[in-house]
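Spelled out, the chains give:
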Amino acid sequence: MVSAPSLGEQDYVRGGATQIPVKILVVGHFAVGKTTFIGAISEIEPLTTEERMTRAAEEIDDLKGVRSKTTTTVAMDFGRLTISDRVVLYLFGTPGQQRFVQVWQDLARGALGALVLVDPERLADSFEVIDLIEQYGLDYAIAVNHFDGSPLRDEAALREALDLLDDTPVVTCDARDEQSSAAALTTLVRFLLDRAPQEQ
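These remarks concern the structure in this document.

1. Things to note about the overall build of the protein chain
Along its length, the protein chain carries 6 helices and 8 strands. Per-residue burial over the protein chain gives 44% buried out of 200 residues. Excluding contacts between residues fewer than 6 apart, the proportion of contacts in the protein chain whose partners are at least 24 apart in sequence is 75%. Carbon and sulfur atoms make up 50% of the accessible area of the protein chain, which amounts to about 11300 Å² in all.

2. A few points about helix α5 (residues 155-162)
Those residues of α5 lying buried are Leu158, Arg159 and Leu162. Considered in projection along α5, the buried side chains sweep an arc of 100 degrees and stay on one side of the axis. Pointing more than 90 degrees away from the buried face of α5 are the exposed residues Ala156 and Glu160. Looking at the buried positions of α5, the neighbouring elements they touch are β6 (113-118), α4 (127-135), β7 (139-145) and β8 (170-173). Among the residues of α5, the N-terminal cap falls to Asp154, whose side-chain oxygen and the backbone nitrogen of Ala156 are separated by 3.2 Å.

3. Things to note about unusual backbone geometry
Phi at Ala31 takes a positive value of approximately 65 degrees, unusual for a residue other than glycine. Looking at Ala31, the relative accessible area reads 15%, which means it is buried. At Asp163, a position not held by glycine, the phi torsion is positive, near 55 degrees. Inspection of the secondary structure puts Asp163 in the loop between α5 and β8.

4. So, a negative patch on the surface
Where like charges cluster on the molecular surface, the negative patch consists of Glu128, Asp131, Glu134 and Asp163. Take Asp131: it is sitting in helix α4.

5. Quick look at helix α3 (residues 101-108)
Each α-helix turn comprises 3.6 residues. Residues three or four places apart therefore point the same way. Buried within α3 are the following residues: Trp104, Leu107 and Ala108. The buried residues of α3 occupy an angular sector of 95 degrees when projected down its axis, which confines them to one face. At its buried positions, α3 is contacted by β1 (20-28), β5 (87-93) and α4. Following α3 by one or two positions, Gly110 has its phi on the positive side, about 85 degrees.

6. Brief notes about the side chain of Arg80
Note on placement: Arg80 falls in strand β4 (residues 77-82). A polar contact of 2.6 Å, which involves the side chain of Arg80, links it to the side chain of Glu43.

7. With respect to the packing of aromatic side chains
Under the counting rule described, the total for this entry stands at 2 aromatic pairs. Ring geometry for Phe78 against Tyr90: centres 5.9 Å apart, planes inclined by 25 degrees, an arrangement best described as stacked. Taken together, the residues span a long stretch of sequence, with Phe78 in strand β4 and Tyr90 in strand β5 at a distance of 12 residues. Residue Phe78 is classed as buried on the basis of its relative accessible area of 11%. Here Tyr90 falls in the buried class, since its relative accessible area comes to 17%. Three or more aromatic residues joined by ring pairs form one cluster here, namely Phe78, Tyr90 and Phe92. Stacked on the ring of Phe92, the Lys or Arg Lys23 has its end atom at 5.0 Å from the ring centre.

8. Quick word on the environment of Val189
The topology assignment puts Val189 in helix α6 (residues 178-195). Take Val189: its relative accessible area is 16%, and that puts it in the buried class. Separated by 165 residues in sequence, Val189 and Ile24 have C-alpha atoms that sit 9.1 Å apart. Leaving out residues up to four positions away in the same chain, Val189 has contacts with Ile83 and Leu89.

9. Quick word on the pairing of β7
For β7, a buried count of 6 out of 7 residues is recorded, marking the element as mostly surrounded by other parts of the structure. Where β6 and β7 come together, 6 bridges link them in parallel fashion. Bridging from a neighbouring strand, Val118 pairs with Val144 of β7. Handedness of the crossover joining β6 and β7 through α4: right-handed. Sheet topology places β7 next to β8; 4 bridges connect them, and they run parallel. In the sheet register, Val144 faces β8, and the bridge partner there is Thr172.

What counts as what
Residues numbered from 1 in each chain as written. Predicted model: local features only at pLDDT ≥ 70, side-chain atom pairs only at ≥ 80, totals over all residues. Heavy atoms only, no water. Helix = DSSP H or I, 4+ residues; strand = E, 2+ residues; numbered from the N terminus. Buried < 20%, exposed > 50% of the residue type's maximum accessible area, 1.4 Å probe, protein only. Contact = heavy atoms within 4.5 Å. Areas by Shrake-Rupley, 256 points an atom, 1.4 Å probe, with all protein chains shown as cover. Arc of directions from axis to C-beta. Polar contact = N/O pair within 3.5 Å; in protein donor to acceptor, adjacent residues only side chain to side chain. Patch = residues over 30% accessible without salt bridge, like charges linked within 9 Å, V, L, I, M, F, W, Y side chains within 5 Å. Salt bridge = Lys/Arg side-chain N within 4 Å of Asp/Glu carboxyl O. Lys, Arg positive; Asp, Glu negative; His and termini not counted. Charge placed at Lys NZ, Arg CZ, Asp CG, Glu CD. Phe/Tyr/Trp six-rings, centres within 6.5 Å; stacked < 30°, edge-to-face > 60°. Lys NZ or Arg CZ within 6 Å of the ring centre and 35° of its normal. Pairing = 2+ DSSP bridges. Right-handed = clockwise from strand over helix to strand, strands pointing away.

Here it is as structure tokens:
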């Protein structure tokens, strides 16, 4: 059995720099693009726990609109993005199914906030995800993952459908695109900084 290569400190922190690690969750319902998002933006080879879906899982998970999906995250995805000489984001992608809620509870510890990926064609699937994030007391931003062929939705209609507070950021992104994904994360980080207690 071949063991995976170990990652040392140099793989996570730039040499000679004192960096502040910030834990961010990338969440969303089943098959919304979390693994793709982290894979597109991570500056290190992302850790994924994708497994091929079994027939039993197909009977549990709602594959409406995602019939081509053959794998699913069973633990978490992990990536890293350095956004300045002092701040590095550690990105933790959560499984999208309700049966993995215990994993969510573990990953939420120590997180500064969450980016909630949303499929505009399956908005109702996001309700439980947003409820969980609010239950854990995390600030969050909404990133509408614009899939090929899906119509752009009016932001006001999205806000009403998701019952969002007025100050909750809403952005559109393409989880496959590095720049688009980075812009969504930047929106979240700015929101979190604006809400952080100011030092006296």
